[in-house]
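Close look at the chain arrangement
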2 protein chains.
Amino acid sequence: MTDKKRSKNTIRDVALDAGVSIATVSRVVNKLGTVSKETEERVQRSIDRMGFRLNAFGRGLSTARSYTIGVMIPSLSNPVFADAVSGITQEASKAGYNVMIAATDYQHAAEISTVSTFLERQIDGMILTVADPMHSDALDMLEGAQAPYALIYNQVSKSDRVTVTVDNVAAGDAVARCFHAQGHRVMAMISGSFAESDRAIARRDGFVTGIAALGLPAPVIHEVGFVNLDIEPVLQSLFENQDTAPTALFCSNDLLAISVISGLERRGLRVPDDVSVMGFDGIAIGTHLHPTLATVIQPSKRMGEVAAQCLLCRIKGEGGMQSTLLPFTLRLGESTGRACKQLPADLQTPHKSVHRRPAQ
Amino acid sequence: MTDKKRSKNTIRDVALDAGVSIATVSRVVNKLGTVSKETEERVQRSIDRMGFRLNAFGRGLSTARSYTIGVMIPSLSNPVFADAVSGITQEASKAGYNVMIAATDYQHAAEISTVSTFLERQIDGMILTVADPMHSDALDMLEGAQAPYALIYNQVSKSDRVTVTVDNVAAGDAVARCFHAQGHRVMAMISGSFAESDRAIARRDGFVTGIAALGLPAPVIHEVGFVNLDIEPVLQSLFENQDTAPTALFCSNDLLAISVISGLERRGLRVPDDVSVMGFDGIAIGTHLHPTLATVIQPSKRMGEVAAQCLLCRIKGEGGMQSTLLPFTLRLGESTGRACKQLPADLQTPHKSVHRRPAQ
DNA sequence: ACTAAGAATGTAAACGGTTACAGCATGGCT
DNA sequence: AGCCATGCTGTAACCGTTTACATTCTTAGT
């Protein structure tokens, strides 16, 4: 344990120490080619004694593989992404790959610069969520560089870009039907900025067409920023007119839903008695809230795993990649309930009772 | 946009295309040394046209710097770590560094193998949380390799290992005093496994000595695993004997506290009326729970930022590193309250009233 | 005993950059 | 005119691996 660190510790030093050529050391380290038992042991002893470790730069330079995959997501603070990353790192490390990570914080410019540095660093592939997968400079760059990648969370229709996600349109539709089945007739949606989230768009589309298919009036849609979600004015606008106020609110993600519920309670509206709220994502904490959060569960960690496996297959040349839609699940938490419950006196109008018939 | 990708795209190709030497291209790319205006423009045009990007392997091999820092944490699913990572990636990327990430899932063996691969990959430094910073093979290895690192969350007493955290002992003490001030006399702690968390140990120590200093009987301490926290038997044991049941519970982290609250309610115990619960970490979601979670807030993201800044300074050779204790804050959420409130009839005994005097 | 196959090992050329050093103009000084 | 400083550019060594190929040595088959 004395001079373990002193010497330069390259493969050459080990070779010298063990009295063999560098090729032999390389063979021992990589367990490749043929090396006699005795030589192998001697080399291994030198390696251990010197604390030698292969230099990934040298190796990467000659093999042109980094055994690194890049991951780019909007934010690490949202558990939905953290869970996916967790699944990715798990699968990657199983396969001997490391993970490089970057968050865009929903900044468009960050996407392109991140992809650029990841390419410089010779990542073998990339898993990412972009703002808009149909018109993305970042993806263009990735494709230009012939770097394999898999999208995650992104919704890709009519494009051969590969993604792992749930069917957000169907999910939006399911939410509409669920609300309808609970007797709701006036619904609305509060969503994260569509410009930063194609999946929010998909969820809205499913929700809107679902509502239309049910023969109900089109819902009011409100957008809020992802970074500092400013709920108050939205709630103000939604609930100032008692005649048009919704009884059911679909929020494009759980974090938003949680803020919305707080906001509603702050205004004296009870959830779900006055307003039902449904989130999207299925973050773990949702089940511990009161009321427990109704939501559309995406299997986030699993999505990360699948994306990683899929990408790794592709990297290893074991066949191409295909988009995967994982099943989502509606969780009927306590934040939704049947419509037509008692409204606070000041919000009650004769109109309401006309709109709200008992559920089918 | 036709052949942007075809050619081999090394610095040599660019040099050839621009009619200069590779040294000149290198100068242009790195904005180093002197290059005439015209040459620079010509080279830049070649670079743009060919879509050339420096190869980090080649560069790293000659400079022996990777501009990468490694981050190793127990888990990404716990927001407290995700927030810290978020702070780290933010600061790192500001400084032109990338972040490699790995989660140990509280597995001891993963620590050493992660550090080992990070060293192979020539990370410039590392930020990590280990199970036991005083006896850590991983840290020994890091020091043996002369790799700069900063701990985060870890509590390091009498050791020159550098860490960024809060004073967990003082925090534990503060919790004891807080409970005491609320009139609690019988307290207990439920903690994540001490073998995997030195900070849990520190929190316990502060809690225990604090309680002793207040002249109260020593609290019962229970350990649960980090992975599948099995709360039920612990609550069973804590509350089966009405005479010794605590009125205040300190949980070593918020996720645990949240589970504990659920468990208590499942047993028909009201929080905080029957039992007060205090967590630790200050995860964002805590304020949206009902009751809102009382907790010790650590500035997690800030801790990540500070650790990163500190490490980067060291990497750049701008002076050494020092441990930093950031201030914690007690948040008195609704999950704690004054002791002596009404117990459910079946849990009520004459004894209790003896133990519980009104608060000072 | 001779040969061919196969095992064990070594040699040296990549891989794609950085950078010390050298070389060549140019221009301003004495 | 001679000199030096300065600006610009090129040459080539080096960074630490992998790996195709060459070489040497065994060993089994005839």
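Residues numbered from 1 in each chain as written. Chains lettered and ligands numbered in written order. Predicted model: local features only at pLDDT ≥ 70, side-chain atom pairs only at ≥ 80, totals over all residues. Heavy atoms only, no water.

Turning next to the protein's contact with DNA strand C. Close contacts around DNA strand C come from 30 residues, with Ser-21, Arg-27 and Thr-39 of chain A together with Ile-11 and Ser-26 of chain B the closest. When atoms of DNA strand C within 4 Å of the protein are split into backbone and base, the sugar-phosphate part holds 58%. At 2.6 Å, a backbone N or O of Ile-11 of chain B approaches a phosphate oxygen of DNA strand C. Here Asn-55 of chain B contributes a backbone N or O atom positioned 3.3 Å from a phosphate oxygen of DNA strand C. Where the surface near DNA strand C is concerned, the elements lending two or more residues are α2 (22-30) and α4 (56-63) of chain A together with α1 (11-18), α2 (22-30) and α4 (56-63) of chain B. Ranked by residues supplied to the surface near DNA strand C, first place goes to α4 of chain B with five residues. (Near = heavy atom within 4 Å. Polar contact = N/O pair within 3.5 Å; in protein donor to acceptor, adjacent residues only side chain to side chain. Helix = DSSP H or I, 4+ residues; strand = E, 2+ residues; numbered from the N terminus.)

All right, on to the protein's contact with DNA strand D then. Around DNA strand D sit 29 residues in total, of which Ile-11, Arg-12 and Ser-26 of chain A together with Arg-27 and Thr-39 of chain B are the nearest. Within 4 Å of the protein, atoms of DNA strand D come from sugar and phosphate in 59% of cases. Take Ile-11 of chain A: an N or O atom from its main chain is 2.6 Å from a phosphate oxygen of DNA strand D. One of the backbone nitrogen or oxygen atoms of Gly-58 of chain A is found 3.2 Å away from a base nitrogen of DNA strand D. Listed by contribution, the elements that provide at least two residues to the surface near DNA strand D are α1 (11-18), α2 and α4 of chain A together with α2 and α4 of chain B. Top element by residues in the surface near DNA strand D is α4 of chain A. It accounts for five residues. When its residues are assigned to classes, the surface near DNA strand D shows eleven nonpolar, 14 polar and four charged. (Nonpolar A, V, L, I, M, F, W, Y, C, P; charged D, E, K, R; others polar.)

Looking now at the domain arrangement of chain A. Examined at the domain level, chain A breaks down into domain 1 (11-54), domain 2 (66-165 + 301-326) and domain 3 (168-299 + 330-355). Summarising the inter-unit geometry, the C-alpha centres of domain 1 of chain A and domain 2 of chain A are found 37 Å apart. (Domains from an automatic or database assignment.)

As a further point, take the side chain of Ser-259 of chain A. By the element assignment, Ser-259 of chain A lies in helix α11 (residues 254-266). Taking the relative accessible area as the measure of exposure, Ser-259 of chain A reaches 15% and is therefore buried. The residues contacting Ser-259 of chain A, other than those within four sequence positions of it, are Leu-229 and Ile-231 of chain A together with His-288 of chain B. (Buried < 20%, exposed > 50% of the residue type's maximum accessible area, 1.4 Å probe, protein only. Contact = heavy atoms within 4.5 Å.)

One finds Leu-249 and Leu-264 of chain A together with Leu-249 and Leu-264 of chain B to be the most contacted residues of the largest nonpolar core, which totals 146 residues. Every residue in contact with Leu-264 of chain B, bar those within four places of it in the chain, is listed here: Leu-235, Phe-239, Leu-249, Leu-269, Val-271, Val-275 and Val-277 of chain B. (Core = buried A, V, L, I, M, F, W, Y, C linked by side-chain atoms within 4.5 Å.)

Attention shifts here to the sheet that holds strand β3 (residues 125-128) of chain B. On the basis of which strands lie adjacent, the open sheet formed by twelve strands has the order β11(A)-β5(A)-β4(A)-β3(A)-β1(A)-β2(A)-β2(B)-β1(B)-β3(B)-β4(B)-β5(B)-β11(B) and mixed pairing. Whereas interior strands pair on both sides, the edge strands pair on one side only; in this sheet they are β11 (324-326) of chain A together with β11 (324-326) of chain B. Neighbour-to-neighbour, the strand axes of this sheet turn through a mean angle of 20°, independent of strand direction. Two elements, strand β3 (residues 125-128) of chain A and strand β4 (residues 149-152) of chain A, share three bridges in a ladder whose sense is parallel. Across the sheet, the residue bridging to Leu-128 of chain A is Leu-151 of chain A, located in β4 of chain A. (Pairing = 2+ DSSP bridges. Axes fitted to C-alpha atoms, helices over the stretch in contact; angles between N-to-C directions.)

Residue and element names in this part refer to chain B. For α1, the full list of buried residues reads Ile-11, Val-14, Ala-15 and Ala-18. Each buried residue of α1 sits inside an arc of 100° when the element is viewed along its axis, so together they form one side. α1 presents Arg-12 and Leu-16 as exposed residues on the side facing more than 90 degrees away from its buried surface. Packing partners of the buried residues in α1 comprise α2 and α3 (37-50). The N-cap of α1, judged by a side-chain oxygen 3.1 Å from the amide nitrogen of Arg-12 a few residues on, is Thr-10. Two residues or fewer after α1 comes Gly-19, characterised by a positive phi angle close to 70°. (Arc of directions from axis to C-beta.)

For the rest of this paragraph, the subject is the packing of aromatic side chains. All names here are of chain A. Going through the model one piece at a time under the given rule, you end up with 13 aromatic pairs over all chains. Aromatic side chains Tyr-67 and Tyr-97 sit 5.1 Å apart centroid to centroid with 55° between the ring planes, which places their arrangement in the tilted category. Here Tyr-97 lies in the loop between α5 (79-94) and β2 (98-103) and Tyr-67 lies in the loop between α4 and β1 (68-73), a separation of 30 residues in the sequence. With relative accessibility at 31%, the residue Tyr-67 sits in the partly exposed group. (Phe/Tyr/Trp six-rings, centres within 6.5 Å; stacked < 30°, edge-to-face > 60°.)

Before going further, it helps to spend a moment on helix α9 (residues 198-213) of chain A. Residues and elements named next belong to chain A. With 16 residues, α9 extends 22 Å between its outermost C-alpha atoms, agreeing within 8% with the 22 Å of an ideal straight helix rising 1.5 Å per residue. Where α9 is concerned, the buried positions are Asp-198, Arg-199, Ala-200, Ala-202, Arg-203, Gly-206, Phe-207, Gly-210 and Ile-211. Tucked inside the fold, the buried residues of α9 contact α5, α8 (168-181), β6 (187-192), β8 (248-251) and β9 (276-281). Positive phi appears at Gly-215, one or two residues downstream of α9, with a value of about 75°. (Expected span 1.5 Å × (residues − 1).)

With that settled, the discussion passes to the pairing of strand β9 (residues 276-281) of chain B. Residue and element names in this part refer to chain B. Along β9, six of the six residues are buried, which leaves the element largely enclosed by surrounding structure. As judged from the three bridges shared by strand β8 (residues 248-251) and β9, these two strands associate in the parallel manner. Along β9, the bridge assignment pairs Ala-248 with Ser-276. With helix α11 (residues 254-266) bridging β8 and the parallel β9, this β-α-β connection has right-handed handedness. (Right-handed = clockwise from strand over helix to strand, strands pointing away.)

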